[in-house]
Amino acid sequence: MDFKVKIGSLTLKNPILLASGTVGYGNEIAEFIDLSKIGGIVTKSISLKPRKGNPPQRICETPSGMLNAIGLANVGVEIFLKEKIPFLKNLNTTIICNIAASTIEEYVECTKILNEEESIAAFEINVSCPNVKEGGLEFGNNLEAVGRITEKVKSVTNKPVIIKLSPNVSRISDFAKVVKDNGGDAVSAINTLVGTSFNIWTRKPKIKNITGGLSGPAIKPIALAKVLEISRNVDIPIIGIGGIMDWKDVVEFMIVGASAVQLGTVNFVNPYASIEILDGLKNYCEKMSIKKISDLTASYIL
Ligand SMILES: Cc1cc2nc3c(=O)[nH]c(=O)nc-3n(C[C@H](O)[C@H](O)[C@H](O)COP(=O)(O)O)c2cc1C
């Protein structure tokens, strides 16, 4: 059975990636699972300078999901290369480095520096974080900005560039098209949706930032619709993200157009999920006599 998938020029040993921000720099989840078995790991968003992120409370539970407003807390590019990469590069899995920034110049500078590190296979550019003042949705909501970021980042690297799209827009396929037109190799969809939650006794928001990003099973039908919309309108590889909890969800994302997927919130619920999902996918392919898992991509019948 062939589990390999291609995302532009990037080949993954299987379609299961761990989503940015949900497994940090890999070290904590490595205590539970053998990361060399999965397709790859997308690192927490890295910015040029270290970021403290938002004040707590930064996370709360909601029906079928969670809200988070971490605010892109991270160690910054210098410490990432010095202290986090040595561990990541020994894992024998594909490392995709996620980058966040407040200006286009900062995206470019960050990519330039990280591009020197051989063990980084590709970049995922986060233009869609709902929880930061500058550089988040402001970019993700603006077609021209997404186009310019794609073009400028591509001009400083030969590695594949994946743009992570926001669902908080009216037509996500327009954004995928702009990525393609400006030389982007793939898109990942979706980042979190804006949500909020209030304590009825104190009348205060449960998270200090007031709003946060909604993730988990609650967003899966929306994410599927966004992946399908992109798949029907733009010829570009798609990495599906949003509420995947088991292998059946992965199959569903691939059918609607995803070449690979990322697992986020499920890692907090069950850190073994990615390995269990791989086993489930193997059984499904055997049962369905599927020889190449990539044949599932965009195999929808409407
Ligand atoms: C606690 C938390 C932190 C996150 N941090 C980031 C981040 O730093 N960069 C990013 O691009 N996405 C981040 N995300 C979004 C996830 O990568 C993913 O797009 C989203 O959670 C939807 O997938 P899920 O429903 O499987 O969790 C974060 C999500 C969570 C729950």
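Position numbers for residues count from 1 along each chain, tracking the sequence in the order it is written. Local features in a predicted model are, by the rule used here, given only for residues with pLDDT of at least 70; side-chain atom pairs are given and counted only at 80 or more, and totals for whole chains, interfaces and linings are based on all residues. Think of the side-chain values as coming from all heavy atoms in the structure, minus any hydrogens and water.

So what exactly am I meant to see when it comes to the sheet that holds strand 6 (residues 65-68) here?
Either a parallel or an antiparallel arrangement is found when strands of a sheet pair, and the pairing is made through backbone hydrogen bonds. The strand order 5-6-12-11 describes an open sheet built from 4 strands, whose pairing is antiparallel. Because the sheet does not close on itself, it has two edges, and the strands there are strand 5 (59-62) and strand 11 (193-196). With direction set aside, neighbouring strand axes in the sheet form an average angle of 40°. In this scheme, strands are said to pair when DSSP sees at least two bridges between them. Secondary structure follows DSSP: runs of H or I at least 4 residues long count as helices, runs of E at least 2 residues long count as strands, and numbering of each begins at the N terminus. In terms of strand pairing, strand 11 meets strand 12 (residues 211-215) through 4 bridges, oriented antiparallel. Looking at strand 12, one finds that Gly195 is bridged to Gly212. Fitted lines through C-alpha atoms serve as axes, helices being fitted only where they are in contact, and the angles separating the N-to-C directions of these axes extend from 0 to 180 degrees.

I'm lost on the pairing of strand 9 (residues 161-164) in this one. Help?
The side chains of a regular strand alternate between the sheet's two faces. For every residue, the accessible area (1.4 Å probe, protein chains only) is compared with the maximum for its type, and the residue is labelled buried under 20%, exposed over 50%, or partly exposed between those bounds. Going residue by residue along strand 9, you find Val161 and Ile163 tucked away on one face and Ile162 and Lys164 tucked away on the opposite face as well. Summarising the sheet, strand 8 (residues 120-126) and strand 9 pair through 4 bridges and their orientation is parallel. Residue pairing for strand 9: Glu124 is matched across the bridge by Ile162. Here 3 bridges tie strand 9 to strand 10 (residues 186-189), and the two strands are oriented parallel to one another.

Would you mind showing me how to read the pairing of strand 8 here?
Burial runs high along strand 8: 6 of the 7 residues are buried. Where strand 7 (residues 94-99) meets strand 8, 5 bridges bridge the pair, whose relative direction is parallel. Opposite Ile96, over in strand 8, you have Ala122 as the bridge partner. Throughout, right-handed denotes a crossover for which the path from the first strand over the helix to the second runs clockwise when the strands point away from the viewer. In this fold, the crossover linking strand 7 to strand 8 by way of helix 2 (residues 104-115) has right-handed handedness.

It is not clear to me how the pattern of salt bridges should be interpreted in this structure. Could you clarify?
Two side chains carrying opposite charge are able to pair once their charged atoms lie near each other. Salt bridges, as used here, are contacts in which a Lys or Arg side-chain nitrogen is within 4 Å of a carboxyl oxygen on Asp or Glu. Under the counting rule described, the total for this entry stands at 8 salt bridges. In this structure, Glu117 engages Lys89 in a salt bridge whose closest nitrogen and oxygen atoms are separated by 3.6 Å. Taken together, the positions of Glu117 in the loop between helix 2 and strand 8 and Lys89 in helix 1 (residues 76-89) put the pair 28 residues apart, joining distant regions of the chain. Relative accessible area serves as the criterion here: at 46%, Lys89 is assigned to the partly exposed category. Note that Asp181 and Lys177 form a salt bridge whose closest N and O atoms lie 2.9 Å from each other.

Quick question: what am I supposed to make of unusual backbone geometry here?
The bulk of non-glycine residues show a negative phi, and the bulk of peptide bonds are trans. Note that the residue after Pro56, namely Gln57, is joined by a cis bond; omega there is 0°. Position of Gln57 among the secondary structure elements: in the loop between strand 4 (40-42) and strand 5. The residue after Ala189, namely Ile190, is reached through a cis peptide bond having omega 20°. Tracing the sequence through the fold places Ile190 in the loop between strand 10 and strand 11. Although it is not a glycine, Ser64 adopts a positive phi angle of roughly 60°.

How should I be thinking about the site of the ligand in this particular structure?
Ser20, Lys164, Gly216, Gly243 and Thr265 are the nearest of the 23 residues found near the ligand. Pairs of N or O atoms are called polar contacts if they sit within 3.5 Å, as long as, within protein, a hydrogen donor faces a hydrogen acceptor (for residues adjacent in sequence, only side-chain-to-side-chain pairs). A distance of 3.1 Å is found between an oxygen atom of the ligand and a side-chain nitrogen or oxygen belonging to Asn126. At 2.7 Å, a backbone N or O of Gly243 approaches an oxygen atom of the ligand. Note on areas: these come from Shrake-Rupley sampling with a 1.4 Å probe, and a residue is covered only by the protein chains present in the view. Protein chains shield 97% of the accessible area of the ligand, which is 610 Å² for the free molecule. Basically, the charged four are Asp, Glu, Lys and Arg, the nonpolar ten are Ala, Val, Leu, Ile, Met, Phe, Trp, Tyr, Cys and Pro, and anything else, Gly included, counts as polar. Residues belonging to the shell around the ligand are distributed by class as follows: 7 nonpolar, 15 polar and 1 charged. Think of it this way: one heavy atom of a residue within 4 Å of a molecule or strand is enough to make that residue near it.

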